[in-house]
Amino acid sequence: MAGNDWINSYLEAILDVGPGLDDAKSSLLLRERGRFSPTRYFVDNVIGFDETDLHRSWVKAQATRSPQERNTRLENMCWRIWNLARQKKQLESEEANRAAKRRMEREKGRRLAVADMSEDLSEGEKGETVGDVSAHGESHKGRLPRMSSIDAMEAWANQQKGKKLYIVLISLHGLIRGENMELGRDSDTGGQVKYVVELARALASMPGVYRVDLLTRQVACPEVDSSYGEPIEMLCSHNPDDMTDEIGESSGAYIIRIPFGPREKYIDKELLWPHIPEFVDGALSHVIQMSKVLGEQLNSGHPVWPVAIHGHYADAGDSAARLSGALNVPMLFTGHSLGRDKLEQLLRQGRLTKDEINATYKIMRRIEAEESSLDSSEVVITSTRQEIDEQWRLYDGFDPVLEKKLRARIRRNVSCYGRFMPRMVVIPPGMEFNHIVPHDGDMDSETEGGEEHQPSPDPPIWTEIMRFFTNPRKPMILALARPDPKKNLTTLVKAFGECRPLRELANLTLIMGNRDNIDEMSSTSASMLLSIIKMIDKYDLYGQVAYPKHHKQSEVPDIYRLAAKTKGVFINPAFIEPFGLTLIEAAAHGLPMVATKNGGPVDIHRVLDNGLLIDPHDQQSIADALLKLVADKQLWAKCRANGLRNIHLFSWKEHCKTYLSRIASCKPRHPGWLKNDNDDDDDENSESDSPSDSLRDMQDISLNLKFSIGSEDQKNKLENVVLSHSKNVVKNLQKTVSGDKTEQQKFPAIRRRTHVFVIAIDADDIGSLFENVQKIFEAVENEKNDGSIGFILATSLQMAQIHLFLVSNGVNPSVFDAFICNSGADLYYSSSHSEDNPFVFDLYYHSHIEYRWGGEGLRKTLVKWASSIVDKTAANKNEEHVVTEDEEVSTNYCYAFNIHKPGLVPPVKELRKLMRIQALRCHVIYCQNGKKINVIPVSASRSQALRYLYLRWGMDLSKVVVFVGESGDTDYEGFLGGVHKSVVLKGIGGGTTNQLHANRVYPLSDVIPTESTNIIHTPEEFSPADIRASLGKLGVLKA
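Labelled according to an unreviewed UniProt entry, the protein appears under the name Sucrose-phosphate synthase, originating from Helianthus tuberosus. Among the UniProt annotations of the protein, the heading Subunit (unreviewed entry) holds the following wording: "Homodimer or homotetramer." Here is the UniProt Pathway (unreviewed entry) comment for the protein, exactly as written: "Glycan biosynthesis; sucrose biosynthesis; sucrose from D-fructose 6-phosphate and UDP-alpha-D-glucose: step 1/2."

What follows concerns helix H29 (residues 766–779). In an α-helix, one full turn covers 3.6 residues, which means residues spaced three or four apart are oriented alike. If you check H29, its first and last C-alpha atoms are 20 Å apart, about what 14 residues at 1.5 Å a residue would give, namely 20 Å. By the burial criterion, the buried members of H29 are Leu 769, Phe 770, Asn 772, Val 773, Ile 776, Phe 777 and Ala 779. Along the long axis of H29, the arc covered by the buried residues comes to 165 degrees, so they all point the same way.

If charged atoms from side chains of opposite charge come close, those side chains can pair. Throughout the structure, instances matching the rule amount to 45 salt bridges. Asp 399 is the salt-bridge partner of Arg 106, the closest N and O atoms lying 4.0 Å from each other. You can see Arg 106 sitting in helix H5 (residues 67–116) and its partner Asp 399 sitting in the loop between helix H13 (385–391) and helix H14 (400–411), a full 293 residues away along the chain. In this structure, Arg 106 and Asp 399 share a single accessibility class: buried. We note a salt bridge from Arg 482 to Asp 484, for which the minimum N-O separation is 3.8 Å. What you see here is one network of salt bridges that share partners, running through Arg 177, Glu 182, Arg 185, Asp 186 and Asp 225.

Applying the stated criterion across every chain yields a total of 0 disulfides. Note on Cys 894: no disulfide assigned, nearest cysteine sulfur contributed by Cys 927 at a separation of 7.7 Å. On the basis of relative accessibility, which here comes to 0%, the residue Cys 894 falls in the buried class.

The subject of this paragraph is the pairing of strand E4 (residues 252–258). Taking burial as the measure, the 7 residues of E4 include 7 buried ones, the bulk of the element. On E4, burial covers both faces: Gly 252, Tyr 254, Ile 256 and Ile 258 on one face and Ala 253, Ile 255 and Arg 257 on the other are all buried. Relative to E4, strand E2 (residues 209–217) runs parallel, the two being bridged by 7 bridges. Note on E4: the bridge partner recorded for Leu 215 is Ile 256. Pairing geometry for strand E3 (residues 232–235) and E4, over 4 bridges, is antiparallel. Across the sheet, the residue bridging to Ile 232 is Ile 256, located in E4.

All right, on to the confidence of the model for the protein then. Across the protein, pLDDT averages 81, with 76% of residues at or above 70. Ranking the helices and strands of the protein by mean pLDDT puts strand E5 (residues 308–312) first, with 98, and helix H25 (residues 683–686) last, with 34. Within the model, the stretch residues 1–36 combines pLDDT values under 50 with 65 contacts to residues more than four positions away or in other chains. In the predicted structure, residues 43–60 sits below a pLDDT of 50 and forms 44 contacts with residues beyond four places in sequence or in another chain.

Parameters and conventions
- Residues numbered from 1 in each chain as written.
- Predicted model: local features only at pLDDT ≥ 70, side-chain atom pairs only at ≥ 80, totals over all residues.
- Heavy atoms only, no water.
- UniProt positions renumbered as here; feature names shortened; annotations may be inferred.
- Helix = DSSP H or I, 4+ residues; strand = E, 2+ residues; numbered from the N terminus.
- Expected span 1.5 Å × (residues − 1).
- Buried < 20%, exposed > 50% of the residue type's maximum accessible area, 1.4 Å probe, protein only.
- Arc of directions from axis to C-beta.
- Salt bridge = Lys/Arg side-chain N within 4 Å of Asp/Glu carboxyl O.
- Disulfide = S-S within 2.5 Å.
- Pairing = 2+ DSSP bridges.
- pLDDT = per-residue confidence, 0-100.
- Contact = heavy atoms within 4.5 Å.

Take a look at the structure:
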């Protein structure tokens, strides 16, 4: 077996014993197992492939005639099987331990969350009554009724008129285009690609929706079609009866391809993670520009922001979380398939360790992206209830029981004390049925009529399939899936081959993607395909099984039609099927179904009632179900009729109506300083770049600034300075507004800079930080003096600490245009209007990041956690506390804690996990070399603050250079990616790696774009000249 030679080397001995062992000759271990088949045990429980893959080894082992050699092989086999059995028990034990630990953590978190909520649980918090719950577990209250008629649809459509919605969808991996989709080309270009394209089309055709953008990756390389390199592709509606009346210059659905990652290389989704920030920056630029364009067309110049940003799969979910946070608009998420579920399955198989799994699939980065998506999403859309009950409940950020309690409190208008849980909504994928005409004839029927009604020629794919069959008129059992072990096609072929009545009554057609040469396929796909071909040979199924090499996506409906014409059956025997879109497609063409009982087909069967469910592990169950439908023509006709009658419930219109109603239930959010002001007749002041508008939200730092200074005298002196500043700054700025137009453009200063240098060095102390700041200043002294370069300081420190240091060292604060403080929780600008009062506070920044901020409820939980971390070996009680709240440094949007003994504090991932389990959404950052913890809003960070500055003031991110050390705070990775450039100062922050980045959720190497030309490293002992040389290599300055 290709790629598994190590198996053959000792399976020869295992296979030598035949299908079963004689009890008299078997060992005690084997006798305890009854009539034990080592072959079947090894294959089914260890390898996972059918034993026919090992036929060659079997033949060789059978040829062994020496009794001594046979006994030696048998003894060796027994020990190996015993070892395999032990390994399996160990895996089962480890899985049970993981489940028990997860259950204990969940129950503890739930108890703590409920204890923090002051009111006792009422009857309303115990969940909805049975009468209010639908089959999908959703309450009927608040749901729009299903559209059972054209009149109902038209009535709903009339209610939507007048809305001008802009919706953004994101799907990053795979190859996406509107026509001739290459589904099955690779593992990344599958059903999700078709789903998102059709969703975009369907949404754009709905009343009230003006524009839908599907954002994906631009791929311009020789190995793929040139269409994937086109930046924009319009998606034309395939439904001539669509309901939209929104026709405008920019209306409709579009695929927008954002360039990110390697420019001339198509890469797997597992390799996209380091390039996600670059996509977010590109997507942010597109959305801002499109919002302005739509504003000019529809909204009197006021930007039309997306009503929602919808991420599909983990990579797009992570991107959507960052993009929605940067724009302050609602987020939706669809997982499609989930990382924790896949990790559990791979660990259960026991072939790979967790580290090996992560190295192959980057599974931990994927899981963290899904957790982040839960943190940021208003609504999580699933295809089935099974996805919620069995997959999402594995995540720290979602607890079905706690979610129900929180939802009950919200309905009763009772405080949840800062706790939030995304709403899980079951919306089955839709399908367009208008073009489908179910076939009512059979293979024997002939079209009657004169010459003007000549029968149309058969589609070419029919000939391609029927050439395999000796009797093509028999009913066709159709399976459509890629050759993947999860799809369970080998069990289907075995069930067909071993059931003689079924073989006599029906043919089997396997549509398993496209291939040119089996040797060129992936090892897994090639092994599965070879297994199937060998089984066809074993059971002599020639003339009864079709497995064509090629088919076009446009020919899939013709394949369904052929199966329906022969009065056949569609089967999906997958071990687990997340949804089962092919089942809906088959039903629309009049095909009854046989489907796995695990996953989405259960929900589909409940609605359509058009077939039978089977246990995918039970070969006999599969054969019996197929035989029953093929042999019983009345049952076949009933299932077909039920499917055709109920199929409209899975239409795209129905899907989109529910989808849009869920969006409507989200609280609208958009950038606060850009609200439409109907009472303001001055259009100029409403522009996003108007100085007068920008100054209206500027408040002095006395509003939110708390000081942490050593002596009381120092504190009072600095507070007096701030209070003096608060009296004059707004007055001075208003004078500026009424003055010369050129003068207006000077605030904030970053708006006039050619380049902006962001200093994000995470040093152990503020003194060493400013030593390196001085080196950077010296490197660009001329550009600094002429004003072409501006500076931003991004730090975990508080503004008062920075101000005190600047004043005490004689540094003019105005050398910095802005200050990102408290790890991204606060934003200040410098002002030259007064030397004594150099700072202006951006109040709207807080309204921009406050989404899901837990406030006082979060603070109390953090304080409890801090008090639970104690040093039991301490000499006295005063030294027991390892973590203490820093009340003087904490602000309304940053809760700060001091760490006295870093070695005793759990890693950052544990605190994040604890907060998520209790439904508290926040961004936990360990900083200052493990001496401090800052807890800020989930959508806030230093890197996100840069995107805010781009959104607010138009700071071109491609003209930004970020200076960082070799390591830093736990939000360090946010600066190593994006369209900005990064200079890594070697020798700085290297000691923080072990302190802060140990026990990470995923390796830092998984998210750093090591081959990026936008990142450059200085020498170890760098000088200002080295810094300037690095900037020269980046093309920022002349060296």
